[in-house]
Amino acid sequence: MPVPYLGNPVRCEAVLRSFDFSFRKRFGQNFLIDEDVLEGIVEASGVTGDDVVLEIGPGIGSLTQYLASTARKVVAVEIDKSLMPILEHTLDGWDNVRVLNQDILKTDIAAIAEEENGGKPLKVIANLPYYITTPIIMKLFESGCPIDSVTVMVQKEVADRIKSEPGSKEYGAISLAVQYYAKASAAIEVGPESFVPPPKVSSTVLHLERYPETRVKVDDEEQMFKIIRGVFNQRRKTLVNAVANFEGLAFSKDDIRRALSEMGLPETARGETFSLEQFAELSNRLK
Ligand code: SAM
């Protein structure tokens, strides 16, 4: 098995130059050039020699080399056709890597798990353009494809929101949406100098460990998330005022007051301090 060699600026730039590569802004191309970060991502992901990894957005293959040295198999999905000859070169010798030139949003992940891992869950590792990262995280969990963790580089502020707890100013609908499916923890802080070209923002590697079931049991998932949206769309209002007649919900103020009182909570309660368990209980009582 070859040794990973791309995680440093000199080698990365030599590869880019020899293929006359031009960065494409619309694909959010910032490539990692920091060995410590690359090793840290593999460690945070918990990948072992038993795992099949789905890597989203391999770029020139720097992280792919590290993953291939650790995992049983890596399937790397890259949208940019011009990176294909580079990946063929940088991944030469790693015989446990399969590169697919596809958009991850159009990729059949369940089929990859079936073909490569007998239908058993994959570990997902992604370093993507930041504007599509949150929709992709949600798609991965909501679609129910076999995945047991997602280790993803996100903008620091997004990581703070996703892992935040009730009552903090970052806490919101996205924290609850992700924490419904997975336990979120921040693994590494990454500065702009670890990439070429350097992005304008700081980043965090977030590890999302999927729960075997969702974190809470709720009778009507859609209704609970509508309640959550109502609360965080109008954070300053009491929960009763924010949720009554919120779009798509038909609860009166009295219905909500009654449910809160059954939960031992005052009618002045504010939803921004509610845990996921409390939102699930409220939704079940309102049903
Ligand atoms: N993982 C590499 C690294 O860390 O050096 C590259 C990271 S770069 C931030 C993001 C990569 O995702 C780029 O190679 C880009 O072309 C690719 N990408 C962007 N959108 C994608 C999509 N929808 N599906 C698959 N790959 C995508």
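See the structure printed just above.
Residues numbered from 1 in each chain as written. Predicted model: local features only at pLDDT ≥ 70, side-chain atom pairs only at ≥ 80, totals over all residues. Heavy atoms only, no water.

On to the site of the ligand. Residues in close proximity to the ligand total 22 residues, the closest being Leu32, Gly57, Glu78, Asp103 and Asn127. At 2.9 Å from an oxygen atom of the ligand is found a side-chain nitrogen or oxygen belonging to Gln29. One of the backbone nitrogen or oxygen atoms of Leu32 is found 2.8 Å away from an oxygen atom of the ligand. Across the complex, the protein chains shield 98% of the 600 Å² of accessible surface that the ligand would expose by itself. (Near = heavy atom within 4 Å. Polar contact = N/O pair within 3.5 Å; in protein donor to acceptor, adjacent residues only side chain to side chain. Areas by Shrake-Rupley, 256 points an atom, 1.4 Å probe, with all protein chains shown as cover.)

All right, on to the side chain of His207 then. Locating His207 in the fold gives a position in strand β9 (residues 203-210). A relative accessible area of 10% places His207 in the buried class. Here the side chain of His207 touches Ala44 through a polar contact of 3.3 Å, landing on its backbone oxygen. Side-chain polar atoms of His207 contact the side chain of Thr151, separated by 2.9 Å. Apart from the residues lying within four places of it in its own chain, the contact partners of His207 are Ala44, Ser45, Ser149, Val150, Thr151, Lys183, Ala184 and Ser185. (Helix = DSSP H or I, 4+ residues; strand = E, 2+ residues; numbered from the N terminus. Buried < 20%, exposed > 50% of the residue type's maximum accessible area, 1.4 Å probe, protein only. Contact = heavy atoms within 4.5 Å.)

The subject of this paragraph is the pairing of strand β5 (residues 122-127). With 5 of 6 residues buried, β5 lies mostly within the body of the structure. Judged from the 4 bridges that link them, strand β2 (residues 52-56) and β5 form a sheet pairing that is parallel. Within the sheet, the bridge partner assigned to Ile56 lies in β5 and is Ala126. Of the pairings in the sheet, the one linking β5 to strand β6 (residues 147-155) comprises 6 bridges and is parallel in character. In the sheet register, Ile125 faces β6, and the bridge partner there is Thr151. With helix α6 (residues 130-142) bridging β5 and the parallel β6, this β-α-β connection has right-handed handedness. (Pairing = 2+ DSSP bridges. Right-handed = clockwise from strand over helix to strand, strands pointing away.)

Next up on the list: unusual backbone geometry. In this model, Val196 is joined to Pro197 through a cis peptide bond whose omega is -15°. Here Pro197 lies in the loop between β8 (195-196) and β9. In the Ramachandran plot, Asp20 falls in the positive-phi region, its phi being about 55° despite a non-glycine side chain. Mapping Asp20 onto the fold places it in the loop between α1 (9-18) and β1 (31-32).

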